[in-house]
Amino acid sequence: MKDPGKLYVKTFGCQMNVYDTEKIYAFLQDSYVPAASEEEADVIILNTCSIREKAEQKVYSLLGRFKPLKDVNPDLLIGVGGCVAQQEGERILSRSPAVDIVFGTHNVDEIPLLLAERIREGKRICRVKEDTGKVPAAGAPRAMGSAGPTSLLTIMKGCDNYCAYCVVPIVRGREVSRSAREILDEAGFLAGNGVREITLLGQNVNSYRDPVTGAGFVSLLESLELLSGIERIRFVTSHPKDFSPELARSMADLSKVCEHIHLPVQAGSDRVLKAMKRGYTSREYLEQVEFLRQLVPDVEFTTDIIVGFPGEEREDFEGTLDILKLVRYQNAFSFRFSPRPGTAAAEMEDCVDADVKRPWLPELQELQNSITAEKHRDMVGKEVEVLVEGVDKKKSGLIEGRTRTNYIVHFPGDAALTGRTVRVRITDSRTIHLVGEMVN
Ligand code: 5AD
Ligand code: SF4
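Residues numbered from 1 in each chain as written. Chains lettered and ligands numbered in written order. Predicted model: local features only at pLDDT ≥ 70, side-chain atom pairs only at ≥ 80, totals over all residues. Heavy atoms only, no water.

Novice: Before we go on, may I ask you to explain the overall build of the protein chain in this structure?
Specialist: Within the protein chain, the secondary structure is distributed over 14 helices and 19 strands. Taken over the C-alpha trace, the protein chain has a radius of gyration of 22 Å; the compact-globule value for 440 residues is 22 Å, and the two agree within 12%. Along the first, second and third principal axes, the C-alpha set of the protein chain runs to 60 × 60 × 45 Å. Put simply, the protein chain has 440 residues, and 55% of those count as buried. As displayed, the protein chain offers around 20,000 Å² of accessible surface, 50% of which is attributable to carbon and sulfur atoms. The average position of the 57 basic charges and that of the 65 acidic charges among the side chains of the protein chain differ by 2 Å. (Helix = DSSP H or I, 4+ residues; strand = E, 2+ residues; numbered from the N terminus. Rg over C-alpha atoms; globule rule 2.2 N^0.38 Å. Buried < 20%, exposed > 50% of the residue type's maximum accessible area, 1.4 Å probe, protein only. Areas by Shrake-Rupley, 256 points an atom, 1.4 Å probe, with all protein chains shown as cover. Lys, Arg positive; Asp, Glu negative; His and termini not counted. Charge placed at Lys NZ, Arg CZ, Asp CG, Glu CD.)

Below is the structure:
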């Protein structure tokens, strides 16, 4: 039998892409094993993200760097998938002569066929399907190399919200949920293969609806709670406009649902939130935070923030700083506004000078870093439950895992504990993680 080839998939952007990358590895596992680096690969696939302009530019610069690899290995095949592929299509083939295959976000399961076609017929291929509104193919078999105690599980694709700045509805299409039956089967399969924690994925999980029974997200959580083997359930992303009191109650009642929620606020000014078409005010957002804190006192919040939206003034920006101070997020992912083709915000006039706005993002990040540091220091001395995810690659001898509340903890221990839940006393804090020691 012929030796399998080597496959290298580079992932950009969000968790959705991480999941698609796992699917690509899984779809190709009969013919390809993972390559340790781009240099030794027979097939390189870039799974791209177009949420901000920078991410898109990175793809083109990387493709330029791959050209010499083709001189060394003339059989090397290069594929480009993900959101940039969906939006740019043929333009990638004309801009980057090294690319063999371009495939869209609705064509991931065709990748084995596309590779075979390219090898057989020798022609470069662009296959970008329009959104069909069809439910995505069931999660692929568990990917090689990614087996571990935690796993992502897609419950829906697409998004119907059309926030003014966001390219997701354009590149990922309309919102479509998978059936609960399919999701439970996949979760059961994962549990049988050693997975202890699942993270349910969707652009807006709170609007999940089983296409067969019509049951909503809380009902899905209740079913997953009953699945033996799975110890922890997480979910991303929650849209504040759909975050219901019922979901808050289920987070309190269901023992496997973790005490962490990613609740993107995007901005703290009602004027900006309205222009963004987010569908909530800062006050409504803060009320939700308060309500959940009352039901789940140790819950931790994380968020996404966009700084410098068209027309955002200093006063609006200060509203965002106020939200950070009031909520005290564990972590905030913050981005400078980036106009994306095809979105409403790309057409909006901006009366505020770019030079005025430039220092706002570092200012916000400095504030958040100080809040994160304080929260980390407050954890010192506490005893927490950690699900061990494996060895910490940088610090030999230490293993790492997460608390239910989403803190990363490094501590001395045996790699054989991977997949086990242990009690750890926090002894020190670092920028990104905490340090601890196991207790009996
Ligand atoms: N510019 C800057 N940030 C953006 N995001 C989405 N679109 C844009 C854009 N055009 C951010 C939002 C979203 C996160 C995934 O990326 O904060 O929640
Ligand atoms: Fe984009 Fe808004 Fe949908 Fe999130 S909810 S994916 S920000 S359109």
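Moving on, there is more to tell.
Novice: Would you mind showing me how to read the sheet that holds strand E7 (residues 150-154) here?
Specialist: Two modes of strand pairing occur in sheets, parallel and antiparallel, and in both the strands are linked by backbone hydrogen bonds. Strand order in the open sheet formed by three strands is E7-E10-E11, and the pairing between neighbours is parallel. Looking at strand neighbours, the two that pair on one side only are E7 and strand E11 (232-236), the edges of this open sheet. Along the sheet, successive strands turn relative to each other by an average axial angle of 25°, direction set aside. Sheet topology places E7 next to strand E10 (residues 197-201); five bridges connect them, and they run parallel. Looking at the pairing, Thr150 lines up with Glu197 of E10. Its contacts with the sheet put helix H7 (residues 180-192) on E7 and E10, and the angle it makes with E7 is roughly 165°. (Pairing = 2+ DSSP bridges. Axes fitted to C-alpha atoms, helices over the stretch in contact; angles between N-to-C directions. Contact = heavy atoms within 4.5 Å.)

Novice: Would you explain the site of ligand 1 in this entry?
Specialist: In the region of ligand 1, the neighbouring residues are Ile51, Arg52, Tyr165, Gln266, Asp304, Ile306, Phe335, Arg336, Phe337, Ser338 and Arg340. Between ligand 1 and Gln266, the relevant distance is 2.7 Å, taken from an oxygen atom to a side-chain nitrogen or oxygen of the residue. Between a nitrogen atom of ligand 1 and a main-chain N or O atom of Ser338, the distance comes to 2.7 Å. Within the complex, 88% of the 410 Å² of free accessible area of ligand 1 lies under protein. Contributions of two or more residues to the shell around ligand 1 are made by strand E13 (300-307) and strand E14 (331-336). Here the shell around ligand 1 is composed, by residue class, of five nonpolar, two polar and four charged. (Near = heavy atom within 4 Å. Polar contact = N/O pair within 3.5 Å; in protein donor to acceptor, adjacent residues only side chain to side chain. Nonpolar A, V, L, I, M, F, W, Y, C, P; charged D, E, K, R; others polar.)

Novice: Before we go on, may I ask you to explain the sheet that holds strand E19 (residues 434-438) in this structure?
Specialist: Around the barrel, which closes on itself, the five strands sit in the order E15-E16-E17-E19-E18 with mixed pairing between neighbours. Looking at each pair of strands side by side, their axes are set apart by 50° on average, direction ignored. Bridging between strand E17 (residues 408-412) and E19 involves two bridges; their strand directions are parallel. Residue pairing in the sheet places Val409 in a bridge with Leu434 of E19. Its contacts with the sheet put helix H14 (residues 360-379) on strand E15 (383-391), strand E18 (421-429) and E19, and the angle it makes with E18 is roughly 120°.

Novice: What should I look at first to understand the pairing of E13 in this one?
Specialist: Side-chain direction in a regular strand flips from residue to residue, so the side chains alternate between the two faces of the sheet. Counting buried positions along E13 yields eight of eight residues, so the element is predominantly enclosed. In E13, alternate side chains face the same way, and those of Glu300, Thr302, Asp304 and Ile306 on one face and Phe301, Thr303, Ile305 and Val307 on the other are all buried. Pairing geometry for strand E12 (residues 260-262) and E13, over three bridges, is parallel. When the sheet's bridge partners are listed, His262 is paired in E13 with Thr302. Pairing between E13 and E14: six bridges, direction parallel. Bridging across to E14, Asp304 finds its partner in Phe333. Handedness of the crossover joining E13 and E14 through helix H12 (residues 314-327): right-handed. (Right-handed = clockwise from strand over helix to strand, strands pointing away.)

Novice: Can you walk me through H14 in this structure?
Specialist: In an α-helix, one turn spans 3.6 residues; hence positions three or four apart end up facing the same way. Relative to the 28 Å expected for 20 residues at 1.5 Å per residue, H14 spans 29 Å between its end C-alpha atoms, a close match to the ideal helical length. Three or more residues of H14 are buried, namely Trp360, Leu361, Leu364, Leu367, Gln368, Ile371, Thr372, Lys375, His376 and Met379. Once H14 finishes, Gly381 follows within two positions and takes phi at roughly 100°, a positive value. (Expected span 1.5 Å × (residues − 1).)

Novice: Would you mind showing me how to read the environment of Gly104 here?
Specialist: Position of Gly104 relative to the elements: it lies in the loop between strand E5 (101-103) and helix H5 (111-121). Remark: the alpha-carbon pair of Gly104 and Cys126, spanning 22 residues in sequence, is separated by 8.5 Å. Beyond its immediate sequence surroundings of up to four residues, Gly104 is in contact with Gln86, Arg127 and Val128.

Novice: What is the right way to read the side chain of Arg234 from this model?
Specialist: Relative to the elements of secondary structure, Arg234 occurs in strand E11. The exposure class of Arg234 is buried, given its relative accessible area of 9%. One polar contact links Arg234 to Glu197, side chain to side chain, over a distance of 2.9 Å. At 3.0 Å, the side chain of Arg234 and the backbone oxygen of Thr403 are in polar contact. If we skip the residues at most four places from it in the chain, Arg234 touches Glu197, Ile198, Thr199, Leu200, Cys258, His260, Arg402, Thr403, Arg404 and Asn406.

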